[in-house]
Structure formats: structure tokens, C-alpha cells
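Chain by chain, the residues run as shown.
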Amino acid sequence: MDSALSDPHNGSAEASNPTNGTTRPPSTPEGIALAYGSLLLMALLPIFFGALRSVRCARGKSSSDMPETITSRDAARFPIIASCTLLGLYLFFKIFSQEYINLLLSMYFFVLGILALSHTISPFMNKFFPANFPNRQYQLLFTQGSGENKEEIINYEFDTKDLVCLGLSSIVGVWYLLRKHWIANNLFGLAFSLNGVELLHLNNVSTGCILLGGLFIYDIFWVFGTNVMVTVAKSFEAPIKLVFPQDLLEKGLEADNFAMLGLGDIVIPGIFIALLLRFDISLKKNTHTYFYTSFAAYVFGLGLTIFIMHIFKHAQPALLYLVPACVGFPVLVALVKGEVAEMFSYESSAIILPHTPRLTHFPTVSGSPASLADSMQQKLAGPRRRRPQNPSTM
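Per-chain numbering applies: the sequence of each chain, read as written, is numbered from 1 onward. For a predicted model such as this one, the threshold for reporting local features is a pLDDT of at least 70, and the threshold for listing and counting side-chain atom pairs is 80 or more; totals across whole chains, interfaces and linings nevertheless cover every residue. Where side-chain values are given, they derive from all heavy atoms of the structure, hydrogens and water being excluded.

**Quick notes on the overall build of the protein**
The condition that has to hold: Strands here mean DSSP runs of E at least two residues long; helices mean DSSP runs of H or I at least four residues long; both are numbered from the N terminus. For each residue, the accessible area found with a 1.4 Å probe, counting protein chains only, is set against the maximum for its type, and the residue is called buried under 20%, exposed over 50%, and partly exposed in between. Contacts: residue pairs with any heavy atoms within 4.5 Å of one another. Using a 1.4 Å probe, the Shrake-Rupley method yields the accessible areas, and only the shown protein chains count as cover for residues.
Scanning the protein from N- to C-terminus turns up 14 helices and eight strands. Of all 394 residues assigned to the protein, the portion counted as buried reaches 53%. Long-range pairs, those at least 24 residues apart, make up 79% of the contacts in the protein between residues at least 6 apart in sequence. Of the roughly 17,700 Å² that the protein leaves accessible, carbon and sulfur atoms contribute 65%.

Now the structure itself:
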């Protein structure tokens, strides 16, 4: 999991400096403010819309429309598996050629990014199709065996509108594959983040506390204790982070002096914020107090991270500030309102998510956008996907 907020102007960002011996001119205060403000805005968008879409996803009637649910056991194992994966990637980059590793990763994320972006834009695109659009239904079916032993491997239903979204996403994918442009990177990163918040669900608040608490320690150790996370983040040429150039005002779209934010700093707090939105809805009070409180807490925590990083000129583990804010603020509100017992007794899978499948294993690259996209890919390519009655409603 890449979850460090990094500034290429600090000492931990040598990889972003020019290699021709020249010194990179310092960014202007306006450029720095624009970069960090843009990162903050980009982080908020997938959390807000992903949380709203998670409610609709949770209420899906078909079992194939259900999200993956993270239990307390999964949450406890997550930081350990993420640490092993991060260290493994670090050793890979040290032992093998970075060029070939990134070529394989580019192809992998090219496919997953197209699927993620297509799934993300589908509800928005449906609003622009005319009523007389010739929308035909298709089915992709792969089976194994014959007769009574025939077993379905893939049974995926889609329509013409899905193909249009897939085509548009493929254009972005080719752009990313050929140019590695930061805008294409961010489009894929935002899609991965939104899908992660929408499709990965915590079953209760206690599980969320276990997950965030474990990753709180994980983030501090791998950022302050070693250079592993920052090294992997800068060597990993894949949309596992959002970036924004600090020299955009000077160089335009060809700017190359980037500030970055790992997707883990968006998705991990985001799935907890989405859980609190579903808790708000379960209270049936027509208020979203805990959702807005945690959302404001996220803004405060990320803003504090940026401030501290700017003061100390060193990459910061954003979860160091985000976890206490996103957990502490809603709990304080619950104490004031006398709803602590209701908050910690709430079971998302029992109230809003009947029959939600349990996440029984972690994908190959736990905690990274690969794991989130892999879970999303399993959903998209699962036994059957039924389109919601009103796909444009979030």
C-alpha cells in the first residue's frame, strides 16, 4: 500500500530530480498551493461519491451485485499482508530491472484501469444517452465441461451502453500506456479509489477501528522507520497514487515536479466514512451527522498532513493524522449524542447488507490499488451482473 504524502522538494524525493546534473528551480508558492489544493479536492471526490454509491451497492437485490465485506479477522491480517507485499515489491525493484517490472505492471493496470474507469463513468454516461438509443443486451459466457458436469466460469451480461463506456475508457488506457501522462494516471487513480470505497465494505465500526489502527502503525513504520514506502512509490510506475505538478503554472501540462498522495490514504479512510454513512441511514433520522463529521475530519486530517510536510520538508505518513481524526471525531459526536452503544453495535451486513459475501482472502497485492481493482474485477467479471433499475441515481 502506498500511503505516504510526498513532496518532491524534500530530501526524500531524489528520484524526481533531474538526472543531468542541473538543479530543479524551486516551485512558486502559488504552484505549491495549487498542487496541494488539487490533491485535496481529488481525494474528496471518490470518498464522497464512493460512499453514496456504496449505499446503492449495499441495497442491491442480486447476490452478484453485493460488495466484498471485510471482517475483523480480515482487518487484523491486512497490515501484515500489506507489509509483506510492500517489502516484496521493494526487493523486486532492488534485484530486478525496474524497466521490465514496470512494463508488466503497466499492462496489468492498463486492463484493470479500463475496467475500473468504465464502471465508474457508466452511471454518469447513462444520463447522456438519448431515449431512442439502440441499446442491445449481450452475454459473455465461458463454461467448462459438458452435459451435467458443465460449470460456468464466466457469465457476464452487458449492453451497448457498457461497450460505449468501455471504448471511452480504452482511449484513456492507451493514452496512459503510451505517455504515462499524469492526467491519465489520475483518471485511473480516481476510478480505483471510487470503486474501492464503493465495493469494499466494513461490517461494523469495530472492524474499521482495527483496520485503521493497524494501518496507522503500518504507515508510521514504513515511512519514518525505513525508506521502503517512498522508494516503492517513486519506482512503481502505476496509477497507485494521485499526482499533481507544482510547476503547472510555469510548464503547463508538460510539468514534471509532482506532489503525490497514495491511494491508500483515500480508500482506507473512505471505506470507514462510507460505513458511517450507512450507519446514519440505519438510524432513520434523515440526518447524515456521522458521515459529514467524518468527512470534515478527513479534510482536517489531510490538511494537517500537508501543513506538517510543508513545515518539516519530509514525506509524511498521512494515516498518522487521518486515523485519529476520522475515528476520533465521530466517536466524540456519538459520546455527546449518547449513541456510542448504537454505533459499535451496528452491523452493516445484518441491517443494510443481508447476504453480503465475506471477503475470505486478500488479492496478490494487498492494500494497493491492485488489490482494490482486483476485488472490483472479480465483481465485474463475476457470475452475473444485473444492471440497477435506475443506474443514473447515486
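Having seen it, we continue.
**Some details on helix 11 (residues 319-337)**
We apply this condition: Expected helix span is taken as 1.5 Å per residue step, with the number of steps being one fewer than the number of residues.
In this model, helix 11 (19 residues) spans 27 Å end to end at C-alpha, consistent with the 27 Å of a helix rising 1.5 Å per residue. For helix 11, every residue scored as buried is listed here: Leu319, Tyr321, Leu322, Val323, Ala325, Cys326, Val327, Pro330 and Ala334. The elements touched by buried residues of helix 11 are helix 6 (205-225), helix 9 (264-283), helix 10 (289-312), strand 8 (316-317) and helix 12 (340-345). Backbone geometry just downstream of helix 11 places glycine 338 in the positive-phi region, at approximately 70°.

**Quick notes on the environment of leucine 86**
Its location among the elements puts leucine 86 in helix 2 (residues 72-95). The buried category is assigned to leucine 86, whose relative accessible area is 2%. Separated by 136 residues in the primary sequence, leucine 86 and tryptophan 222 have C-alpha atoms spaced 9.0 Å apart.

**Some remarks on the pairing of strand 4 (residues 151-159)**
The line we're drawing: Should DSSP find at least two bridges between two strands, the strands are regarded as paired.
Pairing geometry for strand 3 (residues 137-144) and strand 4, over eight bridges, is antiparallel. Bridge pairing in strand 4 places glutamine 144 opposite glutamate 151.

**A closer look at the UniProt feature "transmembrane region" (unreviewed entry) in the protein**
Selection rule: UniProt positions are given in the numbering used here, feature names are shortened, and annotations may be inferred rather than shown by experiment.
Mapped onto the present numbering, the UniProt feature "transmembrane region" (unreviewed entry) falls on residues 33-55, 75-93, 100-121, 199-224, 258-277, 289-312 and 318-336. Across residues 75-93, helical content stands at 100% and strand content at 0%; the span's end C-alpha atoms are separated by 28 Å. The span residues 258-277 is 70% helical and 25% strand by assignment, and the distance between its end C-alpha atoms comes to 33 Å.

**A word on the packing of aromatic side chains**
The relative placement of two aromatic rings is captured by the distance of their centres and the angle of their planes. Note the cut-off: In this analysis, rings of Phe, Tyr and Trp, with Trp reduced to its six-membered ring, are considered paired at centre separations within 6.5 Å, and the interplanar angle assigns stacked below 30 degrees, edge-to-face beyond 60, and tilted for intermediate values. Whether a charge sits over a ring comes down to the Lys NZ or Arg CZ being within 6 Å of the ring centre and within 35 degrees of the ring normal.
Inspection of every chain in the model, using the stated rule, returns 18 aromatic pairs. On the basis of an interplanar angle of 35° and a centroid distance of 5.3 Å, the ring pair of phenylalanine 92 and phenylalanine 96 is categorised as tilted. The cationic tip of lysine 180 hangs over the ring face of tyrosine 176; the distance from NZ or CZ to the ring centre is 5.3 Å.

**Overview of the pattern of salt bridges**
The condition that has to hold: A pair is scored as a salt bridge if a Lys or Arg side-chain nitrogen falls within 4 Å of a carboxyl oxygen belonging to Asp or Glu.
Under the counting rule described, the total for this entry stands at seven salt bridges. Between glutamate 254 and arginine 179 there is a salt bridge whose closest N-O contact spans 3.9 Å. Taken together, the residues span a long stretch of sequence, with glutamate 254 in the loop between helix 8 (248-251) and strand 7 (258-262) and arginine 179 in helix 4 (residues 160-179) at a distance of 75 residues.

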